[in-house]
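The primary structure of each chain is shown beneath.
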Protein chains: 2
Amino acid sequence: LTTMVIHHLNNLPKTCILADLTSIKESPLFEMKKVHAGPVVGLHPMFGPDVTGLIKQTIISCEGRNPEQYQWLIEQFEVWGAKIYPVQAHEHDQAMSMVQVMRHFSTIAYGYHLMSEGADIENLVAMSSPIYRLELIMVGRLFAQDPTLYADIIFANKDNVSMMKRFAYRFLELLEDVSLDDKDAFVAMFNNVSDWFGDYAGDFLEESKSMLLKANELKKD
Amino acid sequence: LTTMVIHHLNNLPKTCILADLTSIKESPLFEMKKVHAGPVVGLHPMFGPDVTGLIKQTIISCEGRNPEQYQWLIEQFEVWGAKIYPVQAHEHDQAMSMVQVMRHFSTIAYGYHLMSEGADIENLVAMSSPIYRLELIMVGRLFAQDPTLYADIIFANKDNVSMMKRFAYRFLELLEDVSLDDKDAFVAMFNNVSDWFGDYAGDFLEESKSMLLKANELKKD
């Protein structure tokens, strides 16, 4: 769809800044550079329509062409309080496939799994601690939204299929440790991942504690 | 371990209330009833050590023996502000396998996957929107904690292995839709799950919105 829209553009004045705001950056930038001879930039706002202002919000920017001509636009976003994070388009797409595609997809698969197992959602909610409630919320909120939005993000890049297959096989590989009762292998893997997270693990634990206290305050009794 | 501890108990006075606080209920209740002739109850507090009081916190209770003799204890927890949720032990264990075991395990598998894919954690954090940051936090926080705690929960019940295998196969089944570019099948599945979530989907969306605003306020700039 993005490509189609881009190809409908023609005769843009040379001083016009052409920018897209989609979740993928590499191919739209490529297409935009084909239809327009002036400045081109890829922008990915890391926030949704509920946000009322740019303060503390992240916008990822990917250079397309003539950055000196769109620099004022970037600076204007910063004046409005946004944090601009410049990266290469392919680096952006790779990160998004891990964070966005992979997480959306496994969350959807988990919802499908809950339904298929015949779980009792009312029971699950009633029995949940703040942290499981938060996890259930993250799953349920997705299914209140537009499926085509998620389908578009997930189906956009077929490279993600093999990446996600690797996840499923790793999942089954770790499950093998459980079925063989090999706790040592499981703990060794866990410690490797902890080392990989480094300081972030501890930071995230601290941050999540304040989050969970907030979550509990927001909970209806 | 729980069973071992229980079997060390002997000669408890008949009026003593025997209760466990572990994450599984069916087998500890069975063992407790063997070693003790008096009142027995299974309790599962749905909160961690960071919580400073019982107000608004959930405690699941599973009847063991002579509930009339431990009723005063349950009522005392309620006086302190806790919400008591009574269920059958096997119902509790089934719900926990979906909420706790399944979510812990797939979160751990996702951390292992991030590491194995050579993801750049600094980049991921910098590029994340509040919602992906929240998801990363939920993954990272786990790896700051004790692996044996998680291993004990996950390895406790071997029935969970087949349940989680079914998840992995469902994941691969949905991935097949993506590789075949079958958006219709994907959207149809999505809508079925939405219907299954019913009103919870919309409620969770609303609740998560206020959560995400809070999360953004807590974010260090």
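Let us look at the structure shown here. (Residues numbered from 1 in each chain as written. Chains lettered and ligands numbered in written order. Predicted model: local features only at pLDDT ≥ 70, side-chain atom pairs only at ≥ 80, totals over all residues. Heavy atoms only, no water.)

1. So, empty space enclosed by the protein
Alright, step 1. The tally for this structure, following the rule as stated, stands at five cavities of 30 Å³ or more.
Alright, step 2. Surrounding the largest cavity, A:S23, A:I24, A:D93, A:M96, A:S97, A:Q100, A:V101, A:I153, A:A156, A:N157 and A:N160 form its lining.
Alright, step 3. With five residues, the single largest contributor to the lining of the largest cavity is helix 4 (residues 89-116) of chain A.
Alright, step 4. Of the residues contributing to the lining of the largest cavity, the split by class is five nonpolar, five polar and one charged.
Alright, step 5. Of the pockets and cavities examined, the second largest cavity occupies roughly 60 Å³.
Alright, step 6. Lining the second largest cavity are A:R103, A:S106, A:Y110, A:F167, B:R103, B:S106, B:T107 and B:F167.
Alright, step 7. At the level of secondary structure, the elements contributing two or more residues to the lining of the second largest cavity comprise helix 4 of chain A together with helix 4 (89-116) of chain B.
Alright, step 8. Considered class by class, the residues forming the lining of the second largest cavity number three nonpolar, three polar and two charged. (1 Å grid on protein atoms, 1.4 Å probe; cavity = no way out; pocket = protein on both sides within 12 Å on 5 of 7 lines; lining within 4 Å. Points joined across faces, edges and corners; volume = space filled by probe spheres on them. Helix = DSSP H or I, 4+ residues; strand = E, 2+ residues; numbered from the N terminus. Nonpolar A, V, L, I, M, F, W, Y, C, P; charged D, E, K, R; others polar.)

2. Details of the pattern of salt bridges
Alright, step 1. Summed over all chains, the structure comprises 18 salt bridges over all chains.
Alright, step 2. Across the salt bridge formed by B:R133 and A:E207, the nearest N and O atoms sit 2.9 Å from each other. Of this pair, B:R133 sits in helix 6 (residues 130-142) while A:E207 sits in helix 10 (residues 199-218), placing the two residues on different chains.
Alright, step 3. We classify A:E207 as buried; its relative accessible area is 11%.
Alright, step 4. Among the ionic pairs, B:K34 bridges to B:E31, the shortest N-O distance being 3.4 Å. Here the residue B:K34 and the residue B:E31 both occupy positions in helix 2 (residues 26-35), the gap between them amounting to three residues, near one helical turn.
Alright, step 5. The exposure class assigned to B:E31 is buried, which follows from its relative accessible area of 12%.
Alright, step 6. Salt bridges sharing partners connect three or more residues here, namely A:E117, B:R166 and B:R170. (Salt bridge = Lys/Arg side-chain N within 4 Å of Asp/Glu carboxyl O. Buried < 20%, exposed > 50% of the residue type's maximum accessible area, 1.4 Å probe, protein only.)

3. What about the pairing of strand 3 (residues 58-65) of chain A?
All names here are of chain A.
Alright, step 1. Of all eight residues that make up strand 3, six are buried, and the element is covered over most of its length.
Alright, step 2. The pairing of strand 2 (residues 40-45) with strand 3 spans six bridges and is antiparallel. Paired with P45 across the strands is I59, a residue of strand 3.
Alright, step 3. The sheet contact formed by strand 3 and strand 4 (residues 83-86) spans four bridges and is parallel. Its bridge partner being in strand 4, I59 is matched across the sheet by I84.
Alright, step 4. In terms of handedness, the path from strand 3 via helix 3 (residues 67-79) over to strand 4 forms a crossover that is right-handed. (Pairing = 2+ DSSP bridges. Right-handed = clockwise from strand over helix to strand, strands pointing away.)

4. Some thoughts on the sheet that holds strand 4 of chain A
Residue and element names in this part refer to chain A.
Alright, step 1. Read across the sheet, four strands follow the order 1-2-3-4 without closing on themselves; strand pairing throughout is mixed. Where the open sheet ends on each side, the last strands, each with one partner, are strand 1 (18-20) and strand 4. Across this sheet, the average inter-strand angle for adjacent strands is 30 degrees, counted without regard to direction.
Alright, step 2. Bridge analysis of strand 1 against strand 2 gives three bridges, and the strand direction is parallel. Across the sheet, residue L18 finds its bridge partner in strand 2, namely V40.
Alright, step 3. Here helix 3 sits on the sheet in contact with strand 2, strand 3 and strand 4, set at roughly 175 degrees to strand 3. (Axes fitted to C-alpha atoms, helices over the stretch in contact; angles between N-to-C directions. Contact = heavy atoms within 4.5 Å.)

5. As for the packing of aromatic side chains
Alright, step 1. With the rule as written, the count across this model stands at 22 aromatic pairs over all chains.
Alright, step 2. Between A:F171 and B:F105 the ring centres are 4.9 Å apart and the planes differ by 90 degrees, which places this aromatic pair in the edge-to-face class. Of this pair, A:F171 sits in helix 8 (residues 159-179) while B:F105 is found in helix 4, placing the two residues in two different chains.
Alright, step 3. Overall, the relative accessible area of 0% leaves B:F105 in the buried class.
Alright, step 4. Taking the centre distance of 5.5 Å and the plane angle of 20 degrees together, the rings of A:F197 and B:F143 count as stacked. A residue pair is termed interchain when its members come from two chains, as with A:F197 in helix 9 (residues 183-197) and B:F143 in the loop between helix 6 and helix 7 (147-155). Each of the two residues, A:F197 as well as B:F143, counts as buried.
Alright, step 5. Directly above the aromatic system of A:Y110 lies the positively charged group of B:R103, at a separation of 4.7 Å from the ring centroid. (Phe/Tyr/Trp six-rings, centres within 6.5 Å; stacked < 30°, edge-to-face > 60°. Lys NZ or Arg CZ within 6 Å of the ring centre and 35° of its normal.)

6. Section: the interface of chain A and chain B
You'll often see interface size given as the accessible area lost when the parts meet.
Alright, step 1. In this complex, chain A contributes 115 residues to the contact, which on the side of chain B involves 115 residues.
Alright, step 2. Buried area between chain A and chain B, both sides added, is near 12,100 Å², and the carbon and sulfur share of it is 73%.
Alright, step 3. Looking at the side of chain A facing chain B, the largest losses of area belong to A:R103, A:M127 and A:W196, adding up to 7% of the total buried there.
Alright, step 4. A salt bridge links A:K158 to B:D181; the shortest N-O distance between them is 3.1 Å.
Alright, step 5. Inspection of the region where chain A meets chain B yields 28 residue pairs in polar contact (both at pLDDT 80 or more).
Alright, step 6. Counting residues per element, the ones that place at least two in the side of chain A that touches chain B are strand 3, helix 4, helix 5 (121-127), helix 6 (130-142), helix 7 (147-155), helix 8, helix 9 and helix 10 of chain A.
Alright, step 7. Here the side of chain A that touches chain B takes 22 residues from helix 4 of chain A, the largest share from any one element.
Alright, step 8. Classifying every residue of the side of chain A that touches chain B by side-chain character gives 66 nonpolar, 24 polar and 25 charged. (Buried area = accessible area lost by both parts, 1.4 Å probe. Polar contact = N/O pair within 3.5 Å; in protein donor to acceptor, adjacent residues only side chain to side chain.)

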